[in-house]
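Remarks on the overall topology
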Amino acid sequence: MDKTITGPDGKQRCRWSAATPEFLDYHDLEWGFPVADDHRLFEKLCLEGFQSGLSWRTILAKRDNFRTAFHGFDFHRIARYTEQDIERLLRDEGIVRHRGKIQATIENARQALRMVEKEGSLGAFFWRYEPDPAKLPPPQSASTSPESIALSKALKKRGWKFVGPTTMYAFMQAMGLLNDHVENCSLRTEVALERHRFQRPG
């Protein structure tokens with residue numbers, strides 16, 4: 001099967017971008033572009049955790065609701081959440097009401113604070129796991145990597161939840177730690193240029 005599809009503007013894109021209307025902008029404006037901002041990194045990691053067992057379409061459709069419910073994924077604020085906040089979130093029909101995932105988000109916020117204190121930023125930590133582009137498999141042919149496995153182990157050791165190797169690989173794809181747009185996708189070159197210009201946090 002061809003891995004690209006012609007978009008409404010005639011450009012070739014990764015085939016998955018046509019699966020639902022919400023995916024087009026996500027593919028063109030976000031997926032694969034490198035991110036250093038700690039709040040965006042934390043948000044994506046949390047949303048990947050909420051996606052576990054669900055589709056990304058479900059999470060993307062609810063993303064604005066998640067942002068409102070979790071105060072813009074400000075991990076400084078989430079780290080102070082109490083049982084009252086958990087009950088509030090469990091009543092919120094706009095998000096995924098899963099107690100374990102909600103509690104994991106709160107615990108991950110607390111771990112994020114510790115990581116920033118120790119490492120300087122979340123970005124400085126996550127970008128240490130950027131894979132060597134020369135050693136990557138063909139785009140969209142893998143669901144884990146040695147780096148995603150290592151990142152998963154490192155986070156679990158620090159007490160993070162819902163951070164398995166597959167989840168971490170999806171996180172790395174989305175946050176631009178690798179360029180996984182397929183070869184003929186019109187965004188692959190654009191992402192490559194952004195990655196070239198990107199200043200790695202450290």
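Looking at an unreviewed UniProt entry, one finds the protein named DNA-3-methyladenine glycosylase I, with Pseudoxanthomonas japonensis as its source organism.

The N-to-C vectors of helix H1 (residues 21-29) and helix H3 (residues 56-69) enclose an angle of 80 degrees; their axes lie 10 Å apart at closest approach. As the angle between them shows, H1 and H3 are arranged roughly perpendicular. Along the contact surface, H1 presents Glu22, Phe23 and Tyr26, while H3 presents Trp56, Arg57, Leu60 and Arg63. Tallied by class, residues from the contact of H1 with H3 come to four nonpolar, no polar and three charged.

This part covers empty space enclosed by the protein. Inspection of the entire model under this criterion finds one cavity of 30 Å³ or more. In terms of lining residues, the largest cavity is bounded by Leu45, Cys46, Gly49, Phe50, Lys101, Ala104, Thr105, Asn108, Lys161 and Phe162. Counting only elements with at least two residues in the lining of the largest cavity, the list comes to helix H2 (38-51) and helix H6 (99-119). The residue inventory of the lining of the largest cavity, partitioned by class, reads five nonpolar, three polar and two charged.

With that settled, consider the packing of aromatic side chains. Enumeration over the complete set of coordinates arrives at 15 aromatic pairs. Between Tyr26 and Trp56, the aromatic rings sit 5.4 Å apart at their centres with planes inclined by 45 degrees, giving tilted as the arrangement. Residue Tyr26 is located in helix H1, and its partner Trp56 is located in helix H3; the two are separated by 30 residues in the primary sequence. Accessibility assignment for this pair places Tyr26 and Trp56 in one class, buried. Judged by centre distance (6.3 Å) and plane angle (25 degrees), the rings of Phe70 and Tyr81 are stacked. Taken together, the positions of Phe70 in the loop between H3 and helix H4 (75-78) and Tyr81 in the loop between H4 and helix H5 (83-90) put the pair eleven residues apart, joining distant regions of the chain. Tyr81 matches Phe70 in its accessibility class, with the two residues each being buried. Grouping aromatic residues by their ring pairs yields a cluster made of Trp16, Phe23, Tyr26, Trp31 and Trp56.

Approximately 390 Å³ is the volume found for the largest pocket. If you trace the largest pocket, you find 18 residues lining it, with Trp31, Gln51, Trp56, Ala170 and Gln173 closest to the centre. Listed by contribution, the elements that provide at least two residues to the lining of the largest pocket are H1, H2 and helix H9 (165-174). Among the elements that take part in the lining of the largest pocket, H9 stands out by supplying six residues, more than any other. Broken down by class, the residue content of the lining of the largest pocket amounts to nine nonpolar, seven polar and two charged.

For the structure shown, the criterion picks out 15 salt bridges. Residue Arg13 pairs with Asp28 through a salt bridge whose shortest N-O separation is 2.8 Å. Here Arg13 is found in strand E2 (residues 12-14), whereas its partner Asp28 is found in helix H1, with 15 residues between them in sequence. Accessibility expressed as a relative area gives 5% for Arg13, which makes it buried. According to the relative accessible area criterion, Asp28 is buried, its value standing at 15%. Here Arg99 makes a salt bridge to Glu83, at a shortest N to O gap of 3.2 Å. Within this pair, whereas Arg99 is found in helix H6, its partner Glu83 is found in helix H5, the two being separated by 16 residues in sequence.

Analysis parameters
Residues numbered from 1 in each chain as written. Predicted model: local features only at pLDDT ≥ 70, side-chain atom pairs only at ≥ 80, totals over all residues. Heavy atoms only, no water. Axes fitted to C-alpha atoms, helices over the stretch in contact; angles between N-to-C directions. Helix = DSSP H or I, 4+ residues; strand = E, 2+ residues; numbered from the N terminus. Parallel < 35°, antiparallel > 145°, perpendicular 65-115°, else oblique. Contact = heavy atoms within 4.5 Å. Nonpolar A, V, L, I, M, F, W, Y, C, P; charged D, E, K, R; others polar. 1 Å grid on protein atoms, 1.4 Å probe; cavity = no way out; pocket = protein on both sides within 12 Å on 5 of 7 lines; lining within 4 Å. Points joined across faces, edges and corners; volume = space filled by probe spheres on them. Phe/Tyr/Trp six-rings, centres within 6.5 Å; stacked < 30°, edge-to-face > 60°. Buried < 20%, exposed > 50% of the residue type's maximum accessible area, 1.4 Å probe, protein only. Salt bridge = Lys/Arg side-chain N within 4 Å of Asp/Glu carboxyl O.

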